[in-house]
Amino acid sequence: MKKLLALSTLVLITAGCATNPDTLSRQEKNEAYQAYFSDNEISAVKRVNNFKMNNWQSLTDRYIAIKSPFKKRYVIEFKGRCQELDYAQTLITHQTTTYQLSKNFDAFSVPEYPNFKCYIKDIYPVSDEQHKAILAIGKPLDK
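Here the structure is a predicted model, which is why all the values come from computation and not from measurement.

Visitor: What is the right way to look at the pairing of strand S2 (residues 55–58) in this model?
Guide: The two faces of a sheet get side chains in turn, since along a regular strand they alternate between them. Sheet topology places S2 next to strand S3 (residues 63–68); 4 bridges connect them, and they run antiparallel. Residue pairing for S3: tryptophan 56 is matched across the bridge by isoleucine 66. Taking the residues between adjacent antiparallel strands as the criterion, S2 and S3 are bridged by 4 residues.

Structure representation (structure tokens):
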């Protein structure tokens, strides 16, 4: 009976791991992103001129990855937790200046909470390779 219970527990733990592709908590991911920027000497910029967003991807409730035209990529860090970011299909951009994205002044929100603005703490320009490495943070390694 004990062996059956232990086996059942192992199966449940394994099934839980199989349905969750992330290996790090949100806090651990946030720390890993900061470490990646520091280790790779990626400095934040104050603003992005001629900003336009093609698509985006939620990394955690504090970070998003953005692709803009002409293959420019950015990672945006918010000043605090951004509600429902993981489940949003679209983002609302709140820009103080047309075609410019600025830290501290500009924000994003999700349609479900348009008045809950997620203000930009930092904007990190990244290369395609860095973008891929950042997306891989917290994911299991392929075998």
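Moving on from the model shown.
Visitor: Even after reading the chapter, I still don't get the side chain of arginine 73, so can you show me in this structure?
Guide: Tracing the backbone shows arginine 73 in strand S4 (residues 72–78). With relative accessibility at 17%, the residue arginine 73 sits in the buried group. A polar side-chain atom of arginine 73 sits 2.8 Å from a polar atom in the side chain of aspartate 128. Those residues in contact with arginine 73 that sit more than four places away from it in its chain are Ile66, Lys67, Tyr124, Pro125, Val126, Ser127, Asp128 and His131.

Visitor: Any chance you could explain the sheet that holds strand S7 (residues 107–109) here in plain terms?
Guide: Backbone-to-backbone hydrogen bonds pair the strands of a sheet. The strands run either parallel or antiparallel. On the basis of which strands lie adjacent, the open sheet formed by 6 strands has the order S2-S3-S4-S8-S7-S5 and antiparallel pairing. At either margin of the open sheet sits one strand with a lone partner, and together these are S2 and strand S5 (92–94). Neighbour-to-neighbour, the strand axes of the sheet open up by a mean angle of 35°, direction not taken into account. Relative to strand S8 (residues 118–126), S4 is paired through 6 bridges, and the arrangement is antiparallel. Bridging across to S8, glutamate 77 finds its partner in aspartate 122. With respect to the sheet, helix H2 (residues 26–39) is in contact with S3, S4 and S8, its orientation differing from that of S3 by roughly 50°. Sheet strands touched by helix H3 (residues 128–136): S2, S3, S4 and S8. Its angle to S8, the strand with the most contacts, is close to 125°.

Visitor: Before we go on, may I ask you to explain the packing of H2 against H3 in this structure?
Guide: When two helices pack together, their arrangement is given by the angle between the helix axes and the distance between those axes. The N-to-C vectors of H2 and H3 enclose an angle of 150°; their axes lie 10 Å apart at closest approach. Here H2 lies roughly antiparallel to H3, going by the angle between them. With respect to the hand of their crossing, H2 and H3 are arranged in right-handed fashion. Contacts between H2 and H3 involve Tyr33, Tyr36 and Phe37 from the former and Gln130, Ala133 and Ile134 from the latter. Its residues assigned to classes, the contact of H2 with H3 comprises 5 nonpolar, 1 polar and no charged.

Visitor: Looking at this model, I keep getting lost on H2. Mind explaining?
Guide: Since there are 3.6 residues in each turn of an α-helix, residues three or four apart along the chain are aligned in direction. If you check H2, its first and last C-alpha atoms are 20 Å apart, about what 14 residues at 1.5 Å a residue would give, namely 20 Å. Three or more residues of H2 are buried, namely Lys29, Asn30, Tyr33, Tyr36 and Phe37. For H2, the arc enclosing every buried residue in end-on projection is 120°, short of the 170-degree limit, so these residues lie on one face. Counted as exposed and oriented over 90 degrees from the buried face of H2: Ser38 and Asp39. Those residues of H2 that are buried are in contact with S3, S4, S8 and H3.

The rules behind the values
Residues numbered from 1 in each chain as written. Predicted model: local features only at pLDDT ≥ 70, side-chain atom pairs only at ≥ 80, totals over all residues. Heavy atoms only, no water. Pairing = 2+ DSSP bridges. Helix = DSSP H or I, 4+ residues; strand = E, 2+ residues; numbered from the N terminus. Buried < 20%, exposed > 50% of the residue type's maximum accessible area, 1.4 Å probe, protein only. Polar contact = N/O pair within 3.5 Å; in protein donor to acceptor, adjacent residues only side chain to side chain. Contact = heavy atoms within 4.5 Å. Axes fitted to C-alpha atoms, helices over the stretch in contact; angles between N-to-C directions. Parallel < 35°, antiparallel > 145°, perpendicular 65-115°, else oblique. Left-handed = near helix turned anticlockwise from the far one by under 90°. Nonpolar A, V, L, I, M, F, W, Y, C, P; charged D, E, K, R; others polar. Expected span 1.5 Å × (residues − 1). Arc of directions from axis to C-beta.

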